[in-house]
Amino acid sequence: MELLRHRLGQLEHGAQPSGGSPLAPAPEQAPAPDATPAVSPATSGPAMNPPSHGTPEAPDGEDDGGSTGRG
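Attention here is on the structure that accompanies the text. Please read these numbers as outputs of a predicted model, since none were measured by experiment.

Thresholds, definitions, all that
Residues numbered from 1 in each chain as written. Predicted model: local features only at pLDDT ≥ 70, side-chain atom pairs only at ≥ 80, totals over all residues. Heavy atoms only, no water. Helix = DSSP H or I, 4+ residues; strand = E, 2+ residues; numbered from the N terminus. Buried < 20%, exposed > 50% of the residue type's maximum accessible area, 1.4 Å probe, protein only. Areas by Shrake-Rupley, 256 points an atom, 1.4 Å probe, with all protein chains shown as cover.

1. Overview of the overall build of the chain
Looking only at helices and strands, the chain features one helix and zero strands. When burial is assessed residue by residue, the chain has 1% of its 71 residues classed as buried. Carbon together with sulfur atoms contributes 57% to the accessible area of the chain, which is approximately 7000 Å² in total.

2. Considering helix H1 (residues 2-12)
Since the α-helix packs 3.6 residues into each turn, any two residues three or four apart lie on the same face. In terms of residue burial, H1 counts as a barely covered element, since only zero of its 11 residues are buried. Backbone geometry just downstream of H1 places Gly14 in the positive-phi region, at approximately 105°.

Written out as structure tokens, the structure is:
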């Protein structure tokens, strides 16, 4: 920790920041993502399509205990 504080003090007093390691990943050069998918079609669950209206407990418009707005 003392080394970091010392270097911070140097930078605050005008020292030039180092360029860093040329081998270190830079934000504009992020490592490539893993090519293997995390989930295969064989291990994925069923397709999830949320209802366009209503509640998940009554997706087909069945009585969900709420008001339908009809008289």
